[in-house]
Amino acid sequence: MNSGSAIALTAIGTKTIQKLRLRILPFVLLLFVVALIDRNNIGFAALTMNKELAITSQQFGLLFGIFYFGYFIFEIPSNLLLHKVGARVWIARILISWGIVATFSGVVHSAHQLYIVRFLLGLAEAGYFPGIVLYLTYWFPRREQARAFALFIMATPATTIVGAPISGLILDHIHWLGFSSWRWLLILEGAPAIVLGALTYFLLPSRPEDVKFLTPDEKKWIRAELNREEQQKLEHRQYSVIQALASGRVWHLALVYFGMMVGLHTFSSWAPQLVKSLSTAYSNSVIGLLLIMPSVTGLAAMIFVSRSSDRRLERHYHVALPALVAAIAFFTLGSAPSPVVSMALLCLLAAGVYSYLAPFWALPNEFLTGYSAAAGIALINSVGNLGGLAGPTTVGFFAQRFGKLTAGLSFAAVPLILSAALVLVLPKKVPVLAKS
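Quick caveat, the model's predicted, so the values are computed rather than measured.

Here is what the cut-offs are and how they apply
Residues numbered from 1 in each chain as written. Predicted model: local features only at pLDDT ≥ 70, side-chain atom pairs only at ≥ 80, totals over all residues. Heavy atoms only, no water. 1 Å grid on protein atoms, 1.4 Å probe; cavity = no way out; pocket = protein on both sides within 12 Å on 5 of 7 lines; lining within 4 Å. Points joined across faces, edges and corners; volume = space filled by probe spheres on them. Helix = DSSP H or I, 4+ residues; strand = E, 2+ residues; numbered from the N terminus. Buried < 20%, exposed > 50% of the residue type's maximum accessible area, 1.4 Å probe, protein only. Contact = heavy atoms within 4.5 Å. Nonpolar A, V, L, I, M, F, W, Y, C, P; charged D, E, K, R; others polar. Axes fitted to C-alpha atoms, helices over the stretch in contact; angles between N-to-C directions. Parallel < 35°, antiparallel > 145°, perpendicular 65-115°, else oblique. Left-handed = near helix turned anticlockwise from the far one by under 90°. Phe/Tyr/Trp six-rings, centres within 6.5 Å; stacked < 30°, edge-to-face > 60°. Lys NZ or Arg CZ within 6 Å of the ring centre and 35° of its normal. pLDDT = per-residue confidence, 0-100. Core = buried A, V, L, I, M, F, W, Y, C linked by side-chain atoms within 4.5 Å. Patch = residues over 30% accessible without salt bridge, like charges linked within 9 Å, V, L, I, M, F, W, Y side chains within 5 Å. Areas by Shrake-Rupley, 256 points an atom, 1.4 Å probe, with all protein chains shown as cover. Salt bridge = Lys/Arg side-chain N within 4 Å of Asp/Glu carboxyl O.

Turning to empty space enclosed by the protein, a few remarks are in order. Counted according to the given criterion, the structure contains three cavities of 30 Å³ or more. Roughly 410 Å³ of internal volume is contained in the largest cavity. The wall of the largest cavity is formed by 30 residues, among which Asn40, Thr156, Thr159, Thr160 and Ser268 lie closest to the centre. Secondary-structure elements contributing two or more residues to the lining of the largest cavity are helix 2 (25–40), helix 9 (155–173) and helix 13 (248–278). Considering each element in turn, the lining of the largest cavity owes the most residues, eight residues, to helix 13.

This is the structure in structure tokens:
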């Protein structure tokens with residue numbers, strides 16, 4: 001290939017990636033924001049719901065975490081179905097079903113009914129996150145993946161930036177038809193998923209060859225890039241679905257992700273109540289506004305770390321160092337001498353738990369492809385997200401036993417330290433194995 005052809009291909013590639021970022025990422029980002037609001041708004045509802053339904057700290061931890069048990073059960077089948085029937089159809093189904101269940105959570109009358117609805121919400125949403133991670137590998141080459149994942153996972157801090165003030169305002173001001181404000185919070189924030197599910201069926205393309213916004217040359221370039229990377233992975237080893245599920249490397253990543261999710265979900269579930277505990281003068285609206293600060297910090301850290309990870313094509317230290325930062329923040333929150341220091345530590349914590357996500361999700365795609373990627377990514381996500389059950393539940397147990405929320409926060413630091421150690425001992429090169 002002469003230099004002129006190489007320059008032309010580089011220009012085509014640059015333009016193609018720019019188009020994909022503009023056309024694909026904003027919509028899946030919006031969908032994930034809605035998913036996270038429906039998944040995590042129980043943390044805001046707890047500010048008034050726990051008293052009305054007589055829910056203890058230990059019960060609330062289980063209420064938040066039981067979502068991930070339902071999520072675990074249906075995760076792998078859901079992702080395999082997405083790979084088979086196509087992202088457009090399956091993601092639309094996920095959105096509509098979880099939107100219906102989310103709205104029903106606003107009409108429960110006891111903690112036990114809420115356990116059931118939260119479990120069903122996990123079943124309904126299962127497969128969405130790993131499905132989108134898999135979906136993005138259909139569009140973005142390896143060198144672009146951490147940044148693409150970061151722009152998608154940016155929904156995690158963006159959910160708090162957008163959702164926390166809205167949730168606080170609903171709790172303080174909406175009491176229509178004699179319903180409690182926390183019920184309207186769950187109902188109003190659940191409904192958009194149903195509408196967006198219908199839009200997804202018409203707006204979300206399944207593969208590059210299906211779209212009209214790419215030129216023939218751009219489609220040819222992206223197909224060539226993705227096929228070349230797939231062949232490189234197949235030269236190392238072609239994993240079947242069963243082999244991916246039995247792979248020691250996949251389970252190693254699942255254990256790393258478990259510790260990461262203990263940290264992330266402990267933060268997302270308990271942050272509103274932690275901020276409320278800093279001062280009795282804070283209204284729900286003020287709590288929502290204060291929670292913007294950690295999320296903005298986490299968003300900036302996420303963008304910086306993902307760009308650094310892609311630029312260096314290095315993932316291990318870009319996962320381990322943020323995990324250690326988050327662990328330090330958890331350890332020191334309980335001894336913070338003032339609300340100002342506590343908020344600074346929450347910002348440090350957010351920077352850690354948000355910025356390790358994108359580099360981590362570039363790791364499975366270094367050796368999995370096709371159905372093995374669908375199964376392996378789903379396994380990692382489903383097992384790892386059991387940390388969303390373990391973390392909030394354990395913090396709730398310690399908070400109830402010792403009468404202080406901060407008593408349980410140090411627990412969340414331990415899995416993060418173990419995750420950092422595990423990712424650092426993960427071989428940086430996928431071993432060369434015979435084809436299966």
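A few words on the side chain of His318. Inspection of the secondary structure assignment puts His318 in helix 16 (residues 316–333). Relative accessible area serves as the criterion here: at 12%, His318 is assigned to the buried category. With sequence-adjacent residues up to four places away left out, His318 is seen in contact with Val305, Ser308, Ser309, Arg312, Ser355, Tyr356 and Pro359.

In this structure, the second largest pocket spans a volume of roughly 380 Å³. Taken together, 20 residues line the second largest pocket, and the ones lying closest to its centre are Thr137, Tyr138, Arg207, Leu226 and Glu230. Of all the secondary-structure elements, those providing two or more residues to the lining of the second largest pocket are helix 7 (128–137), helix 11 (216–236) and helix 19 (370–384). Here the lining of the second largest pocket is built from residues that sort into seven nonpolar, seven polar and six charged.

Turning to the environment of Gln273, a few remarks are in order. In this fold, Gln273 is placed in helix 13. Residue classification places Gln273 among the buried positions, given a relative accessible area of 17%. The sequence separation of Gln273 and Ala46 amounts to 227 residues, and the corresponding C-alpha distance is 8.0 Å.

A few words now on the packing of helix 3 (residues 42–52) against helix 10 (residues 181–203). As a packed pair, helix 3 and helix 10 sit with axes 8 Å apart at the nearest point and diverge in direction by 135°. On the basis of their axis angle, the class for helix 3 and helix 10 is oblique. Crossing of helix 3 against helix 10: the hand is left-handed. Mapping the contact onto sequence places Phe44, Ala45, Thr48, Met49 and Glu52 in helix 3 and Ser181, Trp182, Arg183, Leu185 and Leu186 in helix 10. Partitioned by chemical class, the residues of the contact of helix 3 with helix 10 number six nonpolar, two polar and two charged.

With that out of the way, let us pick up the packing of aromatic side chains. This structure, assessed with the given rule, holds 23 aromatic pairs. Centre to centre, the rings of Trp98 and Tyr128 are 5.6 Å apart; their planes meet at 75°, and the pair counts as edge-to-face. Within this pair, whereas Trp98 is found in helix 5 (residues 87–104), its partner Tyr128 is found in helix 7, the two being separated by 30 residues in sequence. Residue Tyr128 is classed as buried on the basis of its relative accessible area, which comes to 0%. Relative to Trp184, the ring of Phe179 lies with its centre 5.8 Å away and its plane at 40°, an arrangement referred to as tilted. On the basis of relative accessible area, Phe179 is assigned to the partly exposed category, the value being 35%. Assessed through its relative accessible area of 12%, Trp184 is described here as buried. These aromatic residues form a ring-pair network of at least three members: Phe32, Trp98, Tyr128, Phe129, Phe152, Tyr257, Phe360 and Trp361. The aromatic ring of Trp90 is capped on one face by Arg93, whose charged end is 4.4 Å from the ring centroid. The ring of Phe64 has Arg118 sitting right over it, with the charged end atom 5.6 Å from the ring centre.

Glancing now at the confidence of the model for the chain. Residues of the chain with pLDDT of at least 70 account for 94%, and the chain-wide mean is 87. Here helix 12 (residues 241–246) is the element of the chain with the lowest mean pLDDT, 72, and helix 16 is the one with the highest, 95. Scored below 50 in pLDDT, residues 431–436 shows 14 contacts in the model against residues more than four places distant or in partner chains.

Along the chain, the position of Gly127 falls in the loop between helix 6 (111–125) and helix 7. The spatial distance from the C-alpha of Gly127 to the C-alpha of Ile91 is 8.4 Å, given a sequence separation of 36 residues. Setting aside its immediate chain neighbours within four residues, Gly127 contacts Tyr71, Glu75, Ser78, Asn79 and Ile94.

Attention now moves to the nonpolar core. Judged by nonpolar contacts, the single largest core of 145 residues is most densely connected at Trp98, Tyr128, Tyr135, Phe360 and Trp361. Apart from the residues lying within four places of it in its own chain, the contact partners of Tyr128 are Val28, Leu31, Phe32, Ala35, Ile91, Ile94, Trp98 and Phe152.

What follows deals with the environment of Trp139. Considering the arrangement of structural elements, one finds Trp139 in the loop between helix 7 and helix 8 (142–153). Spatially, the C-alpha atoms of Trp139 and Trp221 are 11 Å apart, while their sequence positions differ by 82 residues. Contacts of Trp139, omitting those with residues within four sequence positions, involve Leu20, Ile24, Pro205, Ser206, Arg207, Pro208, Val211, Phe213, Ile222 and Leu226.

Before going further, it helps to spend a moment on the packing of helix 5 against helix 10. For the pair helix 5 and helix 10, interaxial distance at closest approach is 7 Å and the crossing angle is 160°. Between helix 5 and helix 10, the interaxial angle falls into the category roughly antiparallel. Considering how the two elements wind past one another, helix 5 and helix 10 form a crossing that is left-handed. Judged by residue contacts, Arg88, Val89, Ile91, Ala92, Leu95, Ile96, Trp98, Gly99, Ile100, Ala102 and Thr103 of helix 5 engage Leu186, Ile187, Gly190, Ala191, Ala193, Ile194, Leu196, Gly197, Ala198, Thr200 and Tyr201 from helix 10. Residue composition of the contact of helix 5 with helix 10, by class: 16 nonpolar, five polar and one charged.

Moving on, we come to a nonpolar patch on the surface. A grouping of Ile96, Ile100, Phe104, Val107, Trp176, Leu177, Phe179, Leu188 and Ile194 is seen on the molecular surface, where their side chains present a nonpolar patch of about 830 Å² in accessible area. Listed by contribution, the elements that provide at least two residues to the nonpolar patch are helix 5 and helix 10. In terms of residue count, the dominant contributor to the nonpolar patch is helix 5 (three residues).

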